[in-house]
Amino acid sequence: MRGFDFAGIRLGLIPASFAAAAFLCLAVLLTGCGGSTAMQSPPPSVPVISSFTASPTTVAVGQSVTLAWQVSNATSVQISGISGTPPASSSSVVIVPALSGTYTLTAMNSSGSAQQIAAVTVSTSTSSIASVQVNPAATTIPIAANFLSIGMQLGDTNSMVGTSSSNVNPIFEQLLMNLTQYANAPLLIRDSNVTPQDANDYSQGDLGAISQAGQDLGAQFMIGVVLGNNDLPTATSEAQQLAAALPGGQLQAIELGNEPDLYYGVTPPTCESATWDYSGYLALFEQFAPAIISASGVKLEAPVWAGLCASWMNNLESFISSEASSIAVATVHHYSGTACNGATEPADYLLTEPAVDGDTQPLTGPVGITPYLPAAQQAGIPFRIGELNSINCGGQLGVSNSFSSALWAMDIAFSYANAGVSGVNFFSPGDPNQPNAYTPFDFTFTQGSGGNIYAVRNINPLYYGLLMFAQAVQNKADLLPVSLTTSANVKVWATIDGTQTIRLLLLNKDQSATGAISVSLAGYSQANITRLMAPSYSSTTGVTLGGQTFDGSTNGSPQGAAYSEITQPASGAYTVAMPAVSAALLTIQP
């Protein structure tokens, strides 16, 4: 029988099985050209790890190691001892190991995985720099959900918040949402009205931007009216405008005057004046307060004192007691150091304990404030440090905007919580025409057809401190006492939340001490270490929190993948290696 000639192949001259297979292959090819059957893509190759290294491979306790890798064909990578999902191709993480060990990189895709190991040797000859004991059953101190917030000036509304309800600065909102993501809210933002000239800031646009930002953030406000010009009709009109623009509980309090204990008409201000004293202030307050409350239906934030003068502060408790029915929030101000009248602070000032305790303003610092709190506590009135920052009179460049400000901010905030203060408002000015040394962030802008177009000018190290504090007190945690033994410049604060998760904020403010901190806590399991680090205490950039940075951020979101180190307890104790001048948040699950 003659074979059938098809495409030059005589099928009759080859085995039948081979002919059938050839015919099937040809049919698939033909239908693939115009039919419904598609070619299947081959599965991806198994990931290939070109390199996975530790550098250096030998360190002392407290020194950092960089784990770096180059991987191809992977959809994800994991590293033992590290929580988080870093980039799958090439990247690195910085760790501070307490013990020698190996780290395994696992690269994965749908076809399989590949692994490679890097070893690190840790010399344990360095002695411990601190030991901490924690008792989860100890009596705690409540921390208000709105403890941490910021303060601004009405005059900076356009440069910080927005120009109208339809032109709100999205970067400003993102930076504040970063703080509230840890279930501590609402923010109670202070917006001061400093001078009679600020009356122009009660425009529909300014108040509309503030109100819209409040709605977007779920925030509340304390906003000021002017007292210093003794103009009651203007103050009541301003109060009415505020109440109308911020309805539904947005306006928690109206601030009556800003730092009236400095209304002396003398430069620099002194605590004595023939024309102004506490009795004159009290008479003016008792004239203004009922009129403003009647006009707005909102109680006051008072007395808003700078807190520099003992002759005024000695009257604080009697003022709160006698005026309690008019007060929604009691506030005073505090700055640790001063740059006023040409003064300067040392470069490492914010690492010192006096910068936390009170220093140049001892009456309103965490140590000195305690005697002034009972009257507010008895009246059920929150007592806040309504304006707080590092160095008075605009801050000091190179100090207020250095990495040391982040450690200082966390330490002083916890110190105030420990003293019984209800909250702190870190002052956040935004003058676009000059550097703001102590602001956590500020912006530049250009004017567009629909309002301002904003860009980041600075996200300063102070902001990282606020963000790490928010992480430490998350989930409405209470302050948990600890027992600390150390000869170094180390501080430790602890919180415990409703799930019994304990978080310890370890602050190594020592410029030379590196080593391990031992944390004794029985009955708990695995813990995560989230680090806050920078090249030096004076750094203004290069700061990282949990591996992320705001350097290069254009929208207020952190850059890079977040990660933390995983540690296990040994005999009821955790060992955390600490570089000099750094912070770590140890999160311990029950």
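Computed from a predicted model, the values in this text were never measured in an experiment.

A. View of the sheet that holds strand 8 (residues 90–95). Taken together, 3 strands build an open sheet; the order of strands is 3-5-8 and the sheet is antiparallel. Either end of the sheet is taken by a strand with one partner, and the two such strands are strand 3 (48–55) and strand 8. Here the average twist between neighbouring strands, direction ignored, is 15°. Taken together, the 7 bridges between strand 3 and strand 5 (residues 65–72) define a ladder with antiparallel strand orientation. Across the sheet, the residue bridging to Ser51 is Gln70, located in strand 5.

B. Structural view of empty space enclosed by the protein. All told, the structure shown has 1 cavity of 30 Å³ or more when counted by the stated rule. In this structure, the largest cavity spans a volume of roughly 90 Å³. Surrounding the largest cavity, Ile143, Ala144, Ala145, Phe147, Leu148, Leu179, Asn184, Leu187, Phe469, Ala470 and Val473 form its lining.

C. Layout of the packing of aromatic side chains. Counted by the stated rule, this structure contains 24 aromatic pairs. Considering the side-chain rings of Tyr278 and Trp312, the 6.0 Å spacing of their centres and the 85° angle between planes classify their relative orientation as edge-to-face. On the criterion of sequence distance, the pair formed by Tyr278 in helix 6 (residues 278–296) and Trp312 in helix 7 (residues 310–313) is long-range, its members being 34 residues apart. For Tyr278, a relative accessible area of 13% corresponds to the buried category. Classification of Trp312 as buried rests on a relative accessible area of 2%. Ring geometry for Trp408 versus Phe426: centroids 6.1 Å apart, planes at 85°, classification edge-to-face. Separated by 18 residues along the polypeptide, Trp408 in helix 11 (residues 404–419) and Phe426 in strand 21 (residues 423–427) bring together distant segments of the chain. Three or more aromatic residues joined by ring pairs make a cluster, and in this case those are Tyr263, Trp276, Tyr278, Tyr281, Phe285, Trp305, Trp312 and Phe319.

D. Here's a closer look at the pattern of salt bridges. A complete count under the given rule lists 9 salt bridges for this structure. For Arg503, the salt bridge is made with Asp497, and the minimal N-O distance between the two is 3.1 Å. You'll find Arg503 and Asp497 in the same group, each marked buried. Three or more residues joined by partner-sharing salt bridges are found here, namely Glu353, Asp411, Lys491 and Lys509.

E. Expanded view of unusual backbone geometry. Residue Pro186 is bonded to the preceding Ala185 through a cis peptide linkage, with omega at 5°. Relative to the assigned elements, Pro186 resides in the loop between helix 3 (170–180) and strand 15 (188–192). Of note, the bond from Ala302 into Pro303 is cis; its omega dihedral lies within 30 degrees of zero at 0°. Within the element layout of this structure, Pro303 appears in strand 18 (residues 300–305). In the Ramachandran plot, Gln500 falls in the positive-phi region, its phi being about 70° despite a non-glycine side chain. With respect to the secondary-structure elements, Gln500 resides in the loop between strand 26 (490–496) and strand 27 (502–508). Look at Gln500 and you get partly exposed, because its relative accessible area is 37%. A positive phi angle, close to 55°, is found at Ser571, a residue other than glycine. When you line up the elements, Ser571 lands in the loop between strand 31 (564–567) and strand 32 (573–578).

F. Spatial organisation of the packing of helix 3 against helix 4 (residues 204–217). Taken N-terminus to C-terminus, the directions of helix 3 and helix 4 make an angle of 35°; their axes are 10 Å apart at the nearest point. As helix 3 packs across helix 4, the resulting crossing turns out to be right-handed. On helix 4, the residues touching Glu173, Leu176 and Met177 of helix 3 are Gln212, Ala213, Asp216 and Leu217.

G. Representation of the nonpolar core in the model. Grouped together as the largest cluster of nonpolar side chains are 116 residues, with contacts concentrated most on Phe383, Trp408, Phe426, Phe441 and Leu532. At 11 residues, helix 11 tops the list of elements feeding residues into this core. If we ignore the near neighbours within four places in the chain, the residues touching Leu532 are Phe403, Ala406, Leu407, Met410, Tyr464, Met468, Val543, Thr544, Leu545, Ser582 and Ala583. Within the second largest apolar cluster, 29 residues are counted, among which are Val71, Ile79, Ile82 and Val96.

H. Quick peek at the packing of helix 11 against helix 12 (residues 461–472). At a closest axis distance of 7 Å, the pairing of helix 11 and helix 12 adopts a crossing angle of 40°. Relative to helix 12, helix 11 is oriented oblique. The crossing of helix 11 and helix 12 is right-handed. Packed against helix 11, whose contacting residues are Ser405, Ala406, Trp408, Ala409, Met410, Ala413 and Phe414, the element helix 12 presents Pro461, Leu462, Gly465, Leu466, Met468, Phe469 and Ala472 at the interface. Here the contact of helix 11 with helix 12 is built from residues that sort into 12 nonpolar, 2 polar and no charged.

Procedures and definitions
- Residues numbered from 1 in each chain as written.
- Predicted model: local features only at pLDDT ≥ 70, side-chain atom pairs only at ≥ 80, totals over all residues.
- Heavy atoms only, no water.
- Pairing = 2+ DSSP bridges.
- Helix = DSSP H or I, 4+ residues; strand = E, 2+ residues; numbered from the N terminus.
- Axes fitted to C-alpha atoms, helices over the stretch in contact; angles between N-to-C directions.
- 1 Å grid on protein atoms, 1.4 Å probe; cavity = no way out; pocket = protein on both sides within 12 Å on 5 of 7 lines; lining within 4 Å.
- Points joined across faces, edges and corners; volume = space filled by probe spheres on them.
- Phe/Tyr/Trp six-rings, centres within 6.5 Å; stacked < 30°, edge-to-face > 60°.
- Buried < 20%, exposed > 50% of the residue type's maximum accessible area, 1.4 Å probe, protein only.
- Salt bridge = Lys/Arg side-chain N within 4 Å of Asp/Glu carboxyl O.
- Left-handed = near helix turned anticlockwise from the far one by under 90°.
- Contact = heavy atoms within 4.5 Å.
- Core = buried A, V, L, I, M, F, W, Y, C linked by side-chain atoms within 4.5 Å.
- Parallel < 35°, antiparallel > 145°, perpendicular 65-115°, else oblique.
- Nonpolar A, V, L, I, M, F, W, Y, C, P; charged D, E, K, R; others polar.

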